[in-house]
Amino acid sequence: RRDVLVLTPWLAPIIWEGTFNRDILNAQYMRKNLVTGVVTFAVKKYWFFIEGFMSSANKYFLAGHQVNFYLFTDNPEQISHLQMAPENHLFVITVQNHSQWQDISMSRMDIISRYIRSQFQYEVDYLYSIDIDVQLFEHIGVEIIDTLVGTISSWQYTAHRESKSYETRTESQAAIPKGEGDFYYTASFYGGSVAEVYKLTRACFKGVMEDRENDIEARWHDESHLNKYLLYHKPTRLLSPEYYWDEEL
Amino acid sequence: RRQDVLTVTPWLAPIVWEGTFNSEILDSAYRPLNLTIGVTAFAIGKYTRFVGHFLESAEKHFMKGYRVNYYIFTDNPETIPDVQLQPGRRFVIVPIKKYPSWQEISMRRMEAINKHIAETSHQEVDYLFCLDIDMVFYNAWGPETLGDIVAAIHPGYFNVPRSQFPYERRSFSAAYIPDGEGDFYYGGAVFGGLVKKVYEFTKTCHMTILMDKANGIMAAWQEESHLNRHFLSHKPSKVLSPEYLWDDRKPKPPEIHLIRFSTVDKNYKEVRD
C-alpha cells in the first residue's frame with residue numbers, strides 16, 4: 001500500500017488491507033495459545049443491537065480462535081438465544097443503567113478496569129472494547145493483536161491537527177495542548193494486552209472523575225480522555241479507519 | 001515517510017529506514033525507561049586491530065544518551081586498546097578460546113553469546129545487540145532499533161529476487177531453506193533484541209549448528225545460514241534496513257539515504273590467517 005501511511009513516526013504499524021499476510025500472523029498467534037476477550041455494552045435501548053453485533057462478531061471476529069465475549073447489559077431478558085461458534089464463549093453481565101448516555105459511556109472505563117482486575121486478567125491475554133452498534137462485514141483477525149491498540153477515527157482521518165476534536169480547555173484532564181496530537185482515535189474500538197487496557201481504563205476513568213469534581217465534562221466524553229492517554233502512551237499498533245467505518249460518512 | 005521502499009513486513013514488523021521514524025518521539029518513550037543496551041563483538045586473533053575504531057565510532061553514534069555495556073570477546077586481552085568512554089558506558093573483556101579456523105570461530109559465537117547471557121549479561125542489560133567487530137559507525141544508531149527480536153537485511157541481497165538468496169540449499173543441513181521460501185536474506189553481522197529473546201535464539205542456532213557438525217556438514221555461510229533458517233520460522237519483530245549493515249565496497253543505491261554501520265575495508269585473506 002503506497003497510498004496510505006503504514007507506519008507511525010514511532011514505528012507502530014498502521015493496519016490497512018493489503019499490508020499484512022493473515023496466514024503468517026495466524027501461525028504466530030496459534031503458537032502462543034492466546035485467548036482474546038471482547039467487552040461490549042448494551043444498555044437501555046442499545047439491547048436492540050445485540051443480535052446484529054453478536055452474530056456478525058461471532059462469525060467475523062478472530063474466526064477460528066477462542067474469543068470470550070463479555071456483554072454488559074441492564075436488560076438480560078431481552079437477549080434471545082445466541083448461537084456461538086464452538087471456540088467462542090458469551091458471558092452476560094448485568095449492570096445498572098444510568099440516566100444519561102454520557103454517564104454510561106464514561107462509567108464503561110470504570111467497569112472495564114474493575115472487571116479486568118477481578119476477572120478478565122485470569123481469563124484472557126488480550127482485551128478489546130468495541131461499541132455494540134457495530135456490525136462486522138469483513139473478517140477482523142489477529143492482525144489487531146498487540147500490546148496497545150487504537151483505531152483511527154474515520155471522521156477525523158482527513159482532518160488537520162488544528163481541526164481535530166481534541167479537548168482543548170485546560171481545565172479538563174483530557175486537554176491536549178494546541179499543536180499536539182498524532183491521530184484522533186475512536187473510543188468505539190480499542191484494546192491490547194489485559195495489563196495495558198487496565199492501565200488505560202484506570203487512567204481515563206481517573207480523568208473523568210477529576211473532571212466531574214471540577215464540574216467540567218470533556219467534549220467527546222470518554223473518547224477525549226482516550227485520546228489524551230494515547231498521545232502520551234503511544235499505541236504499539238494502529239487500526240486504520242477500515243476497522244471502524246461509520247456508515248453515515 | 002518513505003514510499004520507495006517496503007516499510008512494514010507482511011507480519012507487521014517495521015522495517016527501519018531513514019525517514020520512517022521520529023527520533024525525538026522514540027527517545028521520549030525510551031529514555032525514561034532507564035535501559036541498558038549491551039553490545040557483543042568478537043575480536044579474535046588479528047581482529048583485535050578493529051576494536052579501537054569500532055568503539056570510538058560507537059561512542060559517537062551508538063545509542064547516545066543511553067547506558068551501554070560493550071562486551072568484547074577475545075583470545076588476546078592484552079592487545080585490546082584502552083578507549084575513552086562517555087559516562088554511563090562501560091567496556092568488559094570476555095576471554096574466550098580461539099578455534100583453529102575462521103569458520104569455526106564465527107560459528108562458535110552463538111554458543112559464546114548464549115553462555116555469556118546466562119552467566120552475566122542477562123542481569124546487566126535489557127537489550128543486546130550482537131555485532132561484527134570489523135565495522136564502523138558513521139551515523140546515528142538509536143532506539144528505533146530496539147525490539148523483541150531484531151534482524152538486519154544483508155546489503156548484498158536487499159534488491160535481488162529470493163531465488164538468488166544464498167540460503168543453505170542442501171536438504172540434509174539443519175539450515176536448509178527450500179526454493180520458493182524465505183522472506184529476506186538477513187546478515188549475520190547484526191542481530192539482537194531483548195536479552196531473553198537473544199538467549200533463546202542463540203541457543204537454537206547453536207543447536208542446529210551442532211546438528212550439522214554431527215552430520216559432517218557446514219552451512220554455506222556458517223551461522224548466518226542458521227540465523228536465516230531460524231528467522232524464517234520465528235520471524236523478527238523488527239527488521240533493520242541495510243543502512244544498519246552496509247558494505248562500503250558497494251556503490252550507494254538511491255534507497256540508501258544514510259549509512260549508519262558499515263564494513264571496514266580489509267584484506268580478508270590476511271586478517272583471517
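It should be emphasised that the depicted structure is a prediction, and the values quoted were computed from it without experimental measurement. Along each chain, residue indices are assigned from 1 in the same order as the chain's sequence is written. Whichever chain is written first becomes A and whichever ligand is written first becomes 1, with later ones labelled in order. In keeping with the predicted nature of the model, local features appear solely for residues at pLDDT of at least 70, side-chain atom pairs appear and are counted solely at 80 or more, and the whole-chain, interface and lining totals rest on all residues. Note that the side-chain values use all heavy atoms of the structure and ignore hydrogens as well as water.

### Examining the nonpolar core
Using the following cut-off: Throughout this description, the term nonpolar core refers to a set of buried Ala, Val, Leu, Ile, Met, Phe, Trp, Tyr and Cys residues connected via side-chain atoms within 4.5 Å. The classification of residues rests on relative accessible area computed with a 1.4 Å probe and restricted to protein chains. Under 20% of the type maximum is buried, over 50% is exposed, and intermediate values are partly exposed. By definition in these notes, contact holds between two residues if any of their heavy atoms fall within 4.5 Å.
Counting residues in hydrophobic clusters, the biggest one holds 159 residues, and the most contacted among them are Phe61, Leu127 and Ile144 of chain A together with Phe62 and Trp141 of chain B. Filtering out sequence-adjacent residues up to four positions away, Phe61 of chain A remains in contact with Thr36, Val38, Ser56, Val67, Ile130, Leu136, Ile140, Ile144 and Phe189 of chain A.

### Focus on helix α5 (residues 222-232) of chain A
Put simply, the test is: The secondary structure listing takes helices from DSSP runs of H or I that are at least 4 residues long and strands from runs of E that are at least 2 residues long, numbered from the N terminus.
The buried fraction of α5 of chain A is high, at 9 of 11 residues. Among the residues of α5 of chain A, Asp222, Glu223, Ser224, His225, Leu226, Asn227, Tyr229, Leu230 and Leu231 of chain A are the ones counted as buried.

### Structural notes on the pairing of strand β7 (residues 185-193) of chain A
Residue and element names in this part refer to chain A. Selection rule: Two strands pair under a simple rule: DSSP has to find at least two bridges between them.
Most of β7 is tucked away: 9 of the 9 residues are buried. Note: strand β6 (residues 148-152) against β7, 4 bridges, orientation antiparallel. Looking at β7, one finds that Gly150 is bridged to Tyr190.

### A closer look at the sheet that holds strand β1 (residues 15-16) of chain B
All names here are of chain B. Put simply, the rule is: Fitted lines through C-alpha atoms serve as axes, helices being fitted only where they are in contact, and the angles separating the N-to-C directions of these axes extend from 0 to 180 degrees.
Reading across the sheet, the 8 strands line up as β1-β9-β7-β8-β5-β2-β3-β4 and stay open at both edges, with mixed pairing between neighbours. Unpaired on one side and paired on the other, β1 and β4 (89-95) mark the two borders of the sheet. Taken together, the 4 bridges between strand β7 (residues 149-153) and strand β8 (residues 186-194) define a ladder with antiparallel strand orientation. Directly across from Ile149, in β8, lies its bridge partner Gly193. Here helix α5 (residues 195-214) sits on the sheet in contact with β5 (127-131), β7 and β8, set at roughly 135 degrees to β8.

### Concerning the UniProt feature "active site" (unreviewed entry) in chain B
All names here are of chain B. Spelled out, the test is: UniProt positions are given in the numbering used here, feature names are shortened, and annotations may be inferred rather than shown by experiment.
Sites flagged by UniProt as "active site" (unreviewed entry) map to Glu224. One can find Glu224 in helix α6 (residues 223-233). When its relative accessible area of 12% is taken as the criterion, Glu224 is described as buried. Glu224 has contacts with His154, Tyr185, Tyr186, Gly187 and Gly188, leaving out every residue within four places of it along the chain.

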